Amino acid sequence: MSTSKVLLGLLAGAAAGVVLGVLFAPEKGSVTRTKLAQAGEDYAETVKEKFNEFIDTVNEKFDTAKEDMGKGKQKAEV
């Protein structure tokens with residue numbers, strides 16, 4: 001599964017959870033707002049972690065490709 005699909009699914013699930021939480025919240029508005037803010041921070045942290053994992057994966061693939069190209073260049077010179 002591609003990273004963009006996972007990220008989109010994560011964001012859609014988060015949005016649905018927030019909407020349902022607000023609709024069915026039996027608490028005062030200030031308590032609900034605090035919970036929403038915390039949930040938003042949690043989701044933002046999750047997205048940030050996923051993005052960093054994606055960047056690490058891209059960097060690893062780039063480094064591997066760079067090494068492979070260097071090996072090919074060395075073989076061509078010999």
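In what follows, the structure referred to is the one given above.
Everything numeric in this text was worked out from a predicted model, so none of it was measured.

(A) Layout of the overall build of the chain. What the chain contains, in helices and strands, is two helices and zero strands. Per-residue burial over the chain gives 3% buried out of 78 residues. Just so you have it, the chain exposes about 6,600 Å², and 63% of that area is on carbon and sulfur atoms.

(B) Structural context of a negative patch on the surface. Taken together, Glu41, Asp42, Glu45, Glu49, Glu53, Asp56, Glu60, Asp63, Glu67 and Asp68 make up a surface patch of like negative charges. Secondary-structure assignment places glutamate 45 in helix α2 (residues 29-77).

(C) Representation of a nonpolar patch on the surface in the model. A contiguous nonpolar patch, built from Val19, Leu20, Leu23 and Phe24 and spanning about 460 Å² of accessible area, is present on the exposed surface. Here valine 19 lies in helix α1 (residues 3-23).

Rules used throughout
- Residues numbered from 1 in each chain as written.
- Predicted model: local features only at pLDDT ≥ 70, side-chain atom pairs only at ≥ 80, totals over all residues.
- Heavy atoms only, no water.
- Helix = DSSP H or I, 4+ residues; strand = E, 2+ residues; numbered from the N terminus.
- Buried < 20%, exposed > 50% of the residue type's maximum accessible area, 1.4 Å probe, protein only.
- Areas by Shrake-Rupley, 256 points an atom, 1.4 Å probe, with all protein chains shown as cover.
- Patch = residues over 30% accessible without salt bridge, like charges linked within 9 Å, V, L, I, M, F, W, Y side chains within 5 Å.
- Salt bridge = Lys/Arg side-chain N within 4 Å of Asp/Glu carboxyl O.
- Lys, Arg positive; Asp, Glu negative; His and termini not counted.
- Charge placed at Lys NZ, Arg CZ, Asp CG, Glu CD.

What is shown is where atoms sit, not what they do.
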